[in-house]
Amino acid sequence: MPSDTIAKVQDYKDSLIKKAEQLITQGFPKKIVQLNELLATPMFYERKFSDVHQDLNIPVPDPVLVNNNDGGDMDKPSAKRARTEPPSVSGVKVMYLPTGSVPCNAPLCEMIKIVKPIIRKLVEDSNFLKMWISFMIPKIEDGNNFGVSIQEDTLAEIQTVETEAAAFFDQISRYFLSRAKVVSKVAKYPHIDDYRRAVVELDEKEYLSLWLVVCEVRNRYSSLHDIVTKNMEKLKKPRSSNAEHLY
């Protein structure tokens with residue numbers, strides 16, 4: 001392998017280690033303060049569930065009287081037909097809505113626009129710390145591996161945080177898909193109020209979830225900062241240089 005390539009790889013490792021240490025000592029504390037300030041804003045702290053309610057723009061159609069007797073005697077119910085063919089509820093064929101499209105929930109979209117970059121940043125920072133610790137794990141040797149076990153435990157914790165942060169993204173995507181399914185039910189069965197209520201409940205649930213996601217991201221930054229700073233010495237030097245003099 002060319003020597004210049006080896007030198008570039010080593011420069012990359014050294015630069016990553018330096019940036020990771022700055023991220024832990026300076027970046028994480030700033031991020032924790034920023035998230036605390038965000039949670040104290042009216043968008044997250046003072047907003048009530050009613051603030052995220054939004055009209056669906058799907059009107060309830062006028063009732064239509066249907067004559068099932070085909071011109072027969074209106075005073076005589078068809079008991080036999082009622083037994084053999086139980087009544088069914090059919091929906092309305094929806095090609096387009098006369099009032100226009102059904103909009104997304106604007107207050108929640110505003111919150112999601114703020115929360116998604118925060119989640120992505122946690123994923124990036126977690127991945128960055130994984131590489132940092134991986135570069136500092138020494139070669140496999142017998143004995144004196146207590147510091148290495150600390151590195152491995154910290155690495156596992158960071159991987160868990162990364163996985164949880166990625167799951168937050170999936171949660172947001174599933175919200176839009178779930179809401180679209182319920183809204184389509186409202187469009188097809190506009191006379192059933194339970195479907196309309198289901199949309200309201202789903203929006204309230206997502207609002208609470210977004211607030212909880214920001215809290216969890218703040219907590220993950222705090223826990224990572226705590227565990228890394230407490231074990232910084234062992235993470236950087238997992239094996240003591242004077243261990244060989246003990247024997």
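In the nomenclature of an unreviewed UniProt entry, the protein corresponds to Proteasome activator complex subunit 3 from the organism Glossina fuscipes. The Sequence similarities (unreviewed entry) comment attached to the protein in UniProt states, word for word, "Belongs to the PA28 family."

### Details of the state of the cysteines
Counted by the stated rule, this structure contains 0 disulfides. Between Cys109, a free cysteine, and Cys104, which holds the nearest cysteine sulfur, the sulfur-to-sulfur gap is 4.6 Å. By relative accessible area, Cys109 is classed as partly exposed at 27%.

### Some thoughts on the pattern of salt bridges
Applying the stated criterion to the full structure yields 10 salt bridges. Asp203 is the partner of Arg179 in a salt bridge, and the nearest nitrogen-oxygen pair spans 2.8 Å. Placement of the pair is Arg179 in helix H5 (residues 146–188) and Asp203 in helix H6 (residues 193–230), with a sequence separation of 24 residues. There is no split in this pair, since Arg179 and Asp203 are both buried. Look at the salt bridges and you will find they share partners, linking Glu164, Glu216 and Arg220 into a network.

Parameters at a glance
- Residues numbered from 1 in each chain as written.
- Predicted model: local features only at pLDDT ≥ 70, side-chain atom pairs only at ≥ 80, totals over all residues.
- Heavy atoms only, no water.
- UniProt positions renumbered as here; feature names shortened; annotations may be inferred.
- Disulfide = S-S within 2.5 Å.
- Buried < 20%, exposed > 50% of the residue type's maximum accessible area, 1.4 Å probe, protein only.
- Salt bridge = Lys/Arg side-chain N within 4 Å of Asp/Glu carboxyl O.
- Helix = DSSP H or I, 4+ residues; strand = E, 2+ residues; numbered from the N terminus.

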